[in-house]
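Here's the letter readout for the chains.
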Amino acid sequence: MSRSQARGRTRRRTLWFWAFVGPFAAGIALFTYVPLLWSVGLSFFDARNTVTPTDFVGLDNYTAVLSDDAFLSSLGTFALFTAFIVPTTYVFSLALALMVNRLRRAQAFFRSVFFLPAACSYVVAALIWKMSMFNGVRFGLANTVLDWFGADPVAWLATTDPPWYWLVIVTVRLWLQAGFYMVLFLAGLQRIDPVLYEAAAVDGARPGWPVLRHITLPQLRATSVAVILLLVINAFQAFDEFYNLLSNARGYPPYARPPLVYLYYTALGEGQNLGIGSAGAVVLALIIAVVTVGQARWLRLGRTDADA
């Protein structure tokens, strides 16, 4: 093949590459990176009711959002939500994966059944939980079960002492995402060499917790790190279930406001302060980045045993 023919083939490959990748790259740039950069720019301006402000205020928006008790409270809500949902989802999805992995028949069926909720919309699931499962009147499923035992109905989403709304929020998120992480754990379990279990049995190791602790969990370390990182990031992004469960005709209650709900009402509420809303979004993005990098370093993401 001559040099000109080689250049022609390379040029055609490049053209075909951009023909397929170009539209997607343009879409990502237009709908992701441009709004992201625009939001960062808005955070330095007094942007009330406008996306083209002219009054530069510097870091005043960041000072305002970091001194706002409502924003700090939303970070506390996130921390509490993370403390509930991350370990619960981790343990539940790992337990599902261990059970499904032990099946000799119908494994694909049960894998699909447990994964199916991951395809459900968060909005739809939140409304099902709100209207049918944990309805605050006598006819909700949870209150029907309580009635069987002679207990009074509970206003699950309106009761703050004790805060029963956390049970509703955590269970709907657990139902939605446990199947997805179960599939990740299943993939990790199926990569473990069966010889390790055979050697443990020969050495007299009892099946159950000793094998899980000394063989299964160490072999699932990389998968566990990825699952924990994804769970924390998804907890930061919680919005749909909170908003659709707790909001009503009178608005959103003053409790259980995660950061995205705070930003929604700040930027798109009555004041429509896009400057402070953008500053809050930048602060939240920086917090996510710092937490993710810190977790990755703490969990030694990407390091092998030889590097440790």
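Here the structure is a predicted model, which is why all the values come from computation and not from measurement.

Draft legend 1. How the structure looks around the packing of helix α5 (residues 122-133) against helix α7 (residues 165-189). Contact geometry of α5 with α7 gives a least axis separation of 10 Å together with a crossing angle of 135°. One finds that α5 runs oblique with respect to α7. Classified by chirality, the crossing of α7 by α5 is right-handed. Between α5 and α7, the contacting residues are Tyr122, Ala125, Ala126 and Trp129 on the first element and Val168, Thr171, Val172, Arg173, Trp175, Leu176 and Gln177 on the second. Within the contact of α5 with α7, the residues separate by chemical class into 8 nonpolar, 2 polar and 1 charged.

Draft legend 2. Structural view of the side chain of asparagine 143. For asparagine 143, the location among the structural elements is in helix α6 (residues 141-148). A distance of 3.2 Å separates polar atoms of two side chains, one belonging to asparagine 143 and the other to tryptophan 156. Aside from chain neighbours lying at most four places away, what touches asparagine 143 is Asn135, Gly136, Val137, Arg138, Pro153, Val154 and Trp156.

Draft legend 3. Structural detail: a positive patch on the surface. Together, Arg3, Arg7, Arg9, Arg11, Arg12 and Arg13 make up a region of like positive charge exposed at the surface. Summarising the element assignment, arginine 12 is placed in helix α1 (residues 3-42).

Draft legend 4. Inspection of the packing of aromatic side chains at higher detail. Here the structure, examined in full by the defined rule, presents 25 aromatic pairs. Both rings, one in phenylalanine 44 and one in tyrosine 62, keep their centres 5.6 Å apart while their planes meet at 50°; by these two values the pair is tilted. A residue pair is termed long-range when its members are at least 10 positions apart, and phenylalanine 44 in the loop between α1 and α2 (60-66) and tyrosine 62 in helix α2 qualify at 18 residues. When the centroid spacing of 5.3 Å and the interplanar angle of 80° are considered together, the rings of phenylalanine 134 and tryptophan 156 count as edge-to-face. With a gap of 22 residues between them, phenylalanine 134 in the loop between α5 and α6 and tryptophan 156 in the loop between α6 and α7 connect regions that are remote in the sequence. We classify phenylalanine 134 as buried; its relative accessible area is 11%. Grouping aromatic residues by their ring pairs yields a cluster made of Phe81, Phe84, Tyr165, Trp166, Phe242 and Tyr255. Directly above the aromatic system of tyrosine 265 lies the positively charged group of arginine 257, at a separation of 5.2 Å from the ring centroid.

What counts, and where the lines are drawn
- Residues numbered from 1 in each chain as written.
- Predicted model: local features only at pLDDT ≥ 70, side-chain atom pairs only at ≥ 80, totals over all residues.
- Heavy atoms only, no water.
- Axes fitted to C-alpha atoms, helices over the stretch in contact; angles between N-to-C directions.
- Helix = DSSP H or I, 4+ residues; strand = E, 2+ residues; numbered from the N terminus.
- Parallel < 35°, antiparallel > 145°, perpendicular 65-115°, else oblique.
- Left-handed = near helix turned anticlockwise from the far one by under 90°.
- Contact = heavy atoms within 4.5 Å.
- Nonpolar A, V, L, I, M, F, W, Y, C, P; charged D, E, K, R; others polar.
- Polar contact = N/O pair within 3.5 Å; in protein donor to acceptor, adjacent residues only side chain to side chain.
- Patch = residues over 30% accessible without salt bridge, like charges linked within 9 Å, V, L, I, M, F, W, Y side chains within 5 Å.
- Areas by Shrake-Rupley, 256 points an atom, 1.4 Å probe, with all protein chains shown as cover.
- Salt bridge = Lys/Arg side-chain N within 4 Å of Asp/Glu carboxyl O.
- Lys, Arg positive; Asp, Glu negative; His and termini not counted.
- Charge placed at Lys NZ, Arg CZ, Asp CG, Glu CD.
- Phe/Tyr/Trp six-rings, centres within 6.5 Å; stacked < 30°, edge-to-face > 60°.
- Buried < 20%, exposed > 50% of the residue type's maximum accessible area, 1.4 Å probe, protein only.
- Lys NZ or Arg CZ within 6 Å of the ring centre and 35° of its normal.

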